[in-house]
Amino acid sequence: MTAGTAGASFARSLLRTKPVDRIVAEGGQGEGGELKRSMGLLQLTFFSVGATLGTGIFVVLGEAVPLAGPAVVLSFVLAAVTALFSALSYAELAGTIPVSGSSYSYAYATLGELVAWVCGWCLLLEYAVSVSAVAVGWGSYLNAFFDSALGFTIPEAISNPPGEGGLVNVPAVVVVLFATLLLLRGTSESATANTIMVFLKIGVLLFFCAIAFTAVRSRNLTPFAPMGWAGISAAGGKVFFSYIGFDAASTAGEEAKNPRRDLPLAIVLSLAIVTVLYVLVGLAAVAAMHWERFELSGAEASLAQVLDVATGRSWPSTILALGAVIAIASVVLTVMYGQTRILFAMSRDGLVPDVFQRVSPGRRVPVANTVIVAVFIAILAAAIPLGRLVDATSIGTLFAFALVSVGVIILRRTRPELPRSFRTPFFPVTPLLGVGFCVYLMVGLGGVTWAVFGLWCLIGLAAYFLYGRRHSRLAAGSAGRGTP
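Given the structure is predicted, the values throughout are model-derived calculations rather than measurements.

Looking at unusual backbone geometry
With omega at -5 degrees, the peptide bond leading from Thr222 into Pro223 counts as cis. In this structure, Pro223 sits in the loop between helix 9 (187-213) and helix 10 (228-239). Note the cis peptide between Phe427 and Pro428, where omega equals 0 degrees. Backbone geometry at Ser102 places phi at a positive 55 degrees, although glycine is not the residue there. Mapped onto the elements of the fold, Ser102 is located in the loop between helix 5 (72-96) and helix 6 (103-110). Here Ser102 falls in the buried class, since its relative accessible area comes to 1%. Its identity is not glycine, yet Arg364 carries a phi of approximately 60 degrees, on the positive side. Within the secondary structure layout, Arg364 lies in the loop between helix 14 (315-348) and helix 15 (367-383).

Here's the deal with the pattern of salt bridges
Considering all chains together, one arrives at 13 salt bridges under this definition. Close ionic contact of Arg348 with Glu26 constitutes a salt bridge, the shortest N to O distance being 3.9 Å. Separated by 322 residues along the polypeptide, Arg348 in helix 14 and Glu26 in the loop between helix 2 (20-25) and strand 1 (29-30) bring together distant segments of the chain. Among the residues examined, Arg348 registers a relative accessible area of 5% and is labelled buried. Under the relative-accessibility criterion, Glu26 is labelled buried at 2%. The structure contains a network of salt bridges with shared partners spanning Lys18, Arg22, Glu26, Glu254, Arg348 and Asp349.

Quick look at the packing of helix 8 (residues 170-185) against helix 15
Where helix 8 meets helix 15, the closest approach of the two axes is 9 Å, and the angle between their N-to-C directions is 170 degrees. Looking at the two axes, helix 8 sits roughly antiparallel to helix 15. Residues Ala172, Val173, Val176, Thr180, Leu183 and Leu184 of helix 8 touch helix 15, and the partners they reach there are Val367, Thr370, Val371, Ala374, Ile377, Ala378, Ala381 and Ala382. Grouping the constituent residues of the contact of helix 8 with helix 15 by class yields 12 nonpolar, two polar and no charged.

Quick notes on the packing of aromatic side chains
In the structure shown here, the tally under the stated rule is 17 aromatic pairs. Judged by centre distance (5.6 Å) and plane angle (85 degrees), the rings of Tyr90 and Phe401 are edge-to-face. Taken as a pair, Tyr90 in helix 5 and Phe401 in helix 16 (residues 389-414) lie far apart in primary sequence, 311 residues in all. Under the relative-accessibility criterion, Tyr90 is labelled buried at 0%. On the accessibility criterion, Phe401 (1% relative accessible area) is buried. Taking 6.2 Å as the distance between ring centres and 45 degrees as the angle between the ring planes, the aromatic pair formed by Phe145 and Phe146 counts as tilted. Chaining the aromatic ring pairs together yields one cluster made of Trp117, Trp121, Trp456, Tyr464 and Phe465. Here the basic side chain of Arg412 rests over the ring of Phe427, its NZ or CZ set 4.2 Å away from the ring centre.

About the criteria used
- Residues numbered from 1 in each chain as written.
- Predicted model: local features only at pLDDT ≥ 70, side-chain atom pairs only at ≥ 80, totals over all residues.
- Heavy atoms only, no water.
- Helix = DSSP H or I, 4+ residues; strand = E, 2+ residues; numbered from the N terminus.
- Buried < 20%, exposed > 50% of the residue type's maximum accessible area, 1.4 Å probe, protein only.
- Salt bridge = Lys/Arg side-chain N within 4 Å of Asp/Glu carboxyl O.
- Axes fitted to C-alpha atoms, helices over the stretch in contact; angles between N-to-C directions.
- Parallel < 35°, antiparallel > 145°, perpendicular 65-115°, else oblique.
- Contact = heavy atoms within 4.5 Å.
- Nonpolar A, V, L, I, M, F, W, Y, C, P; charged D, E, K, R; others polar.
- Phe/Tyr/Trp six-rings, centres within 6.5 Å; stacked < 30°, edge-to-face > 60°.
- Lys NZ or Arg CZ within 6 Å of the ring centre and 35° of its normal.

Here's what the structure looks like:
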C-alpha cells in the first residue's frame, strides 16, 4: 500500500458515518439489558424545562439588566430566537434519529466518527462542569433559605470549596447524591420527581410575577432602552446561556414511548414555556424595581430584592429561595441524566469503555454509568472552585448546536427518503442561521475560553486516537455486545 493510499484510507476512517438505520435499530439496547420506554410527552417536555429553567433566571437577570435596562425583555426574546434556530434543527433530527446520543449521534450519522467524537467530548465538558457549578450554586440558595426561614446558615467551612473560604462543599455533594438516588431508582421515577419539581418552580416564578406586578411603576420603564441596541445585544448574549438545556429531551430518545412524535414537540414546547416565563419574570422585575438598582443588589439576590421592594416583607423572599432550591435540584437531576445517556450511546459504539452501556436487568437503567458520573461530578462540586472554567462550557454547547444545524442540511441531501416526523421550516435558511448565530456567539467569547476549549479538544483527540478509534465497533464492522 502506497503512502498516498494509506493516507486516504486513514482519512476515510475518520470520516466514516454510522448508518441511520443501524443507529435507530440499536436504540434502547445495552450490555445486559434494555432501557425502559416509560416517558410520555409531558415527562419529556418537563425534562427539557427542568434542565433549562434553573439558575439562569435566578442569577442572570441581575447581570443582564444593567446592560440593557428595561429592554432586557427584548434581550430574552433575542436569545430565544437564537436558540429557536438550533431547537428546530434538534427537533428534526430527534424525530428522525430518536436515540440517546443527542447531537453526538446526529453527528455520527452525518459528519463522521471523528467529528462525532469531538461533539460528544464537548458535551461531556458542558454537562459535567455545568452540573457541578449548578450543584455549587445550590448550596448558596439552600443557605439563603435556611437564613430567611430558620435563622441559621451552614458553616462556611462545609458549604464552600477550597479557595472560596471552605474545606468541602457538602450541600453540593448532597444534591448530587439526591439526583443519583432518583436516577438509580429508574427513569419513570426520575421523570415523575422532575415533573413535580418543575410544576413547583413554575409556580414559584408565577408567584414572583404576581407579587412584582402589584408594585409596577411606569417610571421604572423609562427610558426603556438606555443603552440602545448595543445594550440589548450585549444582554442577549448574556441571557442566551439561560436557554441551554432545551436539548435534554433529545437524550431521552431511547426511553420515550413515542419518540418520533414526542421528541420534536417536547423540544419546541419546552423552549416556548421557558421563553414565556423568562419574559414575564423580566418584565415584572424591571417594572417593579428601577433597573439601576439591580447592579447594586447583586446578581444572586436580584429577584429577592425585587420582592423586598414590592412588599417590604421577608416571607416572599423565603418562598423564592425555596423555589430556587427546587429549581436547581431539578437541573442537577436532568443534566446528570443527559450525561449518562450520551455516555451510554458512546459506549455502545465502542468509543468509551463498555461499563457505561451496562444496563441493570431489574431497574433497566445504566447503574455503573450513573454512579461513575455522580462520583466525578460530586468531586468537582465539592473540592474545586470552578470560576471561569464554567464559562468554557458555553463554547462546547454552541459548537454542538452548530453541528446539529449542519447535520440537518447534510441528512436532507444524503437521505432525503428517511421518515421525518418534523421538518425544520424554511430549509435551508433556518439551519444556516443557526450555524451563523452560534459562530457569532462563539467568536465573541474571550481568549481564555477559547484556550480552555482548545486544550479540552486536544485531550479529547488524544483519547480518541489512543482508545476510541481502536475500539470503534463501526470500524470492526460489528455492533458488538448488546446490539443487534
